Amino acid sequence: MRLKSLVPVIYILFLMLPIYWLVAMSFKTTNEILAGFSLFPQTWTLANYIEIFTDPTWYWGYINSIIYVTMNTVISVLVALPAAYAFSRYSFVGDKHLFFWLLTNRMAPAAVFALPFFQLYSAVGLFDTHLAVALAHCLFNIPLAVWILEGFMSGVPKELDETAYVDGYSFPRFFATIFLPAIKSGVGVAAFFCFMFSWVEMLLSKTLTAVEAKPIAAVMTRTASSAGYELGLLAAAGTLTIIPGAIVIYFVRNYIAKGFALGRV
Amino acid sequence: MKTQNQRAWLFVTPVLLLVAFNALIPMMTVVNYSVQETFGNNLFFWQGLDWFEQVLRSERFHNALGRQFLFTFLILIIEVPLGIAIALAMPKQGPWVPFCLVTMALPMLIPWNVVGAMWNIFTLPDIGLLGYFMNHTLGISYDMTQNPFAAWVTIIVMDVWHWTSLVVLLAYAGLVSIPNAYYQAAEIDGASNWAVFRFIQLPKMKTVLTIAILLRFMDSFNIYTEPFVLTGGGPGNSTTLLSIDLVKIALGQFDLGPAAAMSLIYFAITLLASWLFYTLMTKNDNKS
């Protein structure tokens with residue numbers, strides 16, 4: 001029994017090791033990193049972080065990422081809400097096929113879309129804008145949001161809708177004042193997952209931007225390739241990308257599994 | 001029973017338009033390229049199905065596909081049993097549960113290129129924690145950039161690190177939904193641990209495990225950023241998985257025809273997997 005309780009502890013240690021190394025590296029000076037191995041930073045330095053917060057290319061990378069991730073989350077959840085309602089409450093011609101087609105887009109390899117997306121968004125004049133990345137990420141985030149919301153909505157009894165109509169509520173008023181509060185955890189989870197998958201994705205966001213809307217991921221690859229010795233800076237930048245995820249995850253901790261199961265636990 | 005209502009189409013129109021813009025137009029571009037040859041200057045010539053034949057016969061594609069299946073197979077047989085074992089060992093309730101869930105989910109929220117960069121720093125032979133430990137403490141020669149086997153072990157361990165928590169979270173969600181009465185009944189019957197697992201816990205986890213396995217199958221099949229940042233597909237071509245090869249051909253060499261044909265073949269495989277996923281999911285939905 002004692003042995004059993006050690007399993008999660010060992011697993012969490014294994015998860016934390018590479019993260020610890022990244023964080024430790026970010027507080028080391030370049031000299032110390034190149035001089036050889038040290039388990040803890042010998043001379044603590046904030047130089048790497050100061051450079052990131054004072055260099056516009058660096059901190060704009062974060063701002064750009066946050067802008068398109070937020071735009072994407074808002075768009076995805078807003079358009080997914082009515083669609084999920086339709087899927088959970090009505091049956092209509094082609095509903096199953098449509099649902100399946102949406103799912104195929106969640107499963108599509110991003111690599112397949114990289115080049116056509118570049119051409120499409122250049123053609124409509126959106127290349128290198130936040131909107132381009134936000135719209136491109138809709139490809140996999142809208143299907144995800146629809147699936148999660150549909151799962152949560154199907155858990156709300158239909159009697160709620162019917163009672164509201166009998167009481168004389170119009171549909172928009174019912175949806176906004178009764179239905180939405182009933183599925184608010186579902187909306188939170190859907191928003192969280194849209195945020196997450198837009199935040200971690202790099203191939204498309206890098207392909208669709210050049211200067212103006214360059215995401216933090218692309219700024220990091222530039223540093224990695226042009227100056228191989230700037231490991232401390234790279235580590236600091238990486239550490240900062242973990243923070244937003246760590247904050248939002250706390251709010252949905254009890255629903256993570258339900259979200260991954262597309263609302264079906 | 002759901003209401004028949006064709007006006008529901010109004011509700012799904014915004015989704016339809018946005019996803020169609022992102023999915024259908026690029027797909028048409030790909031189909032166009034896949035049957036034509038171009039020499040630049042926007043000159044295109046009809047090529048028929050030659051590209052498909054070329055891709056399907058090319059050794060390079062076979063190798064990338066083979067590596068892709070090997071990678072997906074290996075991470076599945078490691079992550080699924082490991083995830084179930086960890087979920088079984090987790091406490092059912094108590095103050096540690098939220099802490100465990102949050103820390104376990106953390107790797108999944110790290111941008112994929114950072115995951116690659118982090119493992120790169122972690123495994124550097126002389127200054128990385130793992131690299132130093134292997135080379136200097138254990139005395140095992142370990143250098144990912146030189147040795148294909150080491151590169152493979154590293155990308156597998158990286159993926160296990162990154163995604164096992166998905167299996168853990170889903171399996172755990174299935175486990176906590178089992179009423180205590182089931183366990184009490186098993187105890188009265190004198191059931192062994194194995195019998196409890198085989199006849200109570202496993203059946204209850206069936207739905208969530210199906211989801212976990214299929215999600216892991218699909219996401220690992222589409223993996224690009226993490227191995228690309230970590231190994232760049234090397235040493236040589238030893239870790240060039242399907243997506244990495246595709247991006248090399250499409251954006252690196254600008255061989256649009258073969259890249260498009262390869263994209264469609266790739267997409268057909270994931271489509272088949274999606275169909276399987278959908279069929280299994282809806283079967284489960286209907287039962288419950």
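- Under an unreviewed UniProt entry, the name given to chain A is Trehalose transport system permease protein SugB, and the organism recorded is Roseibium album.
- A UniProt comment under Sequence similarities (unreviewed entry) is attached to chain A, and it reads "Belongs to the binding-protein-dependent transport system permease family."
- Here chain A is described in UniProt, under the heading Subcellular location (unreviewed entry), as follows: "Cell membrane".

**Details of the overall build of chain B**
Next up, step 1: The helix and strand inventory of chain B stands at 13 helices and three strands.
Next up, step 2: C-alpha extents for chain B along the principal axes are approximately 75 × 70 × 30 Å.
Next up, step 3: Counting all 288 residues of chain B, 42% fall into the buried class.
Next up, step 4: For chain B, contacts bridging at least 24 residues in sequence account for 71% of all contacts bridging at least 6.

**So, the domain arrangement of chain A**
All names here are of chain A.
Next up, step 1: Segmenting chain A into domains produces domain 1 (1–45) and domain 2 (56–260).
Next up, step 2: On a C-alpha basis, the centres of domain 1 and domain 2 stand 32 Å from each other.
Next up, step 3: Listed as interface residues are nine residues of domain 1 and, on the opposing side, seven residues of domain 2.
Next up, step 4: Broken down by secondary-structure element, the contributors of at least two residues to the side of domain 1 that touches domain 2 are α1 (2–26) and α2 (30–35).
Next up, step 5: Counting residues per element, the side of domain 1 that touches domain 2 draws most heavily on α1, at four residues.
Next up, step 6: Grouping the amino acids of the side of domain 1 that touches domain 2 by side-chain chemistry returns five nonpolar, three polar and one charged.

**Remarks on the packing of helix α4 (residues 56–89) of chain A against helix α7 (residues 130–154) of chain A**
Residues and elements named next belong to chain A.
Next up, step 1: α7 packs onto α4 with a crossing angle of 40° between their chain directions and a minimal axis gap of 6 Å. Relative to α7, the element α4 lies oblique. Both α4 and α7 take part in a crossing whose hand is right-handed.

**Overview of the interface of chain A and chain B**
Next up, step 1: Taken together, the contacts link 81 residues of chain A with 73 residues of chain B.
Next up, step 2: Here the side of chain A that touches chain B is composed, by residue class, of 66 nonpolar, 10 polar and five charged.
Next up, step 3: Across two bridges, strand β1 (residues 90–91) of chain A lies against strand β1 (residues 3–4) of chain B in parallel orientation. For Ser91 of chain A, the partnering residue across the bridge sits in β1 of chain B and is Gln4 of chain B.

**Here we look at the UniProt feature "transmembrane region" (unreviewed entry) in chain A**
Residue and element names in this part refer to chain A.
Next up, step 1: The positions UniProt marks with the feature "transmembrane region" (unreviewed entry) are residues 6–24, 62–86, 98–118, 130–153, 174–200 and 231–252.
Next up, step 2: Helix makes up 90% of residues 98–118 and strand 0%. Its end C-alpha atoms lie 26 Å apart.
Next up, step 3: Taken end to end, residues 130–153 has its terminal C-alpha atoms 31 Å apart, with 100% of it in helix and 0% in strand.

Cut-offs applied
Residues numbered from 1 in each chain as written. Chains lettered and ligands numbered in written order. Predicted model: local features only at pLDDT ≥ 70, side-chain atom pairs only at ≥ 80, totals over all residues. UniProt positions renumbered as here; feature names shortened; annotations may be inferred. Helix = DSSP H or I, 4+ residues; strand = E, 2+ residues; numbered from the N terminus. Buried ≥ 20, exposed ≤ 12 C-beta atoms within 10 Å, placed from the backbone. Contact = placed C-beta atoms within 7 Å. Domains from an automatic or database assignment. Nonpolar A, V, L, I, M, F, W, Y, C, P; charged D, E, K, R; others polar. Axes fitted to C-alpha atoms, helices over the stretch in contact; angles between N-to-C directions. Parallel < 35°, antiparallel > 145°, perpendicular 65-115°, else oblique. Left-handed = near helix turned anticlockwise from the far one by under 90°. Pairing = 2+ DSSP bridges.

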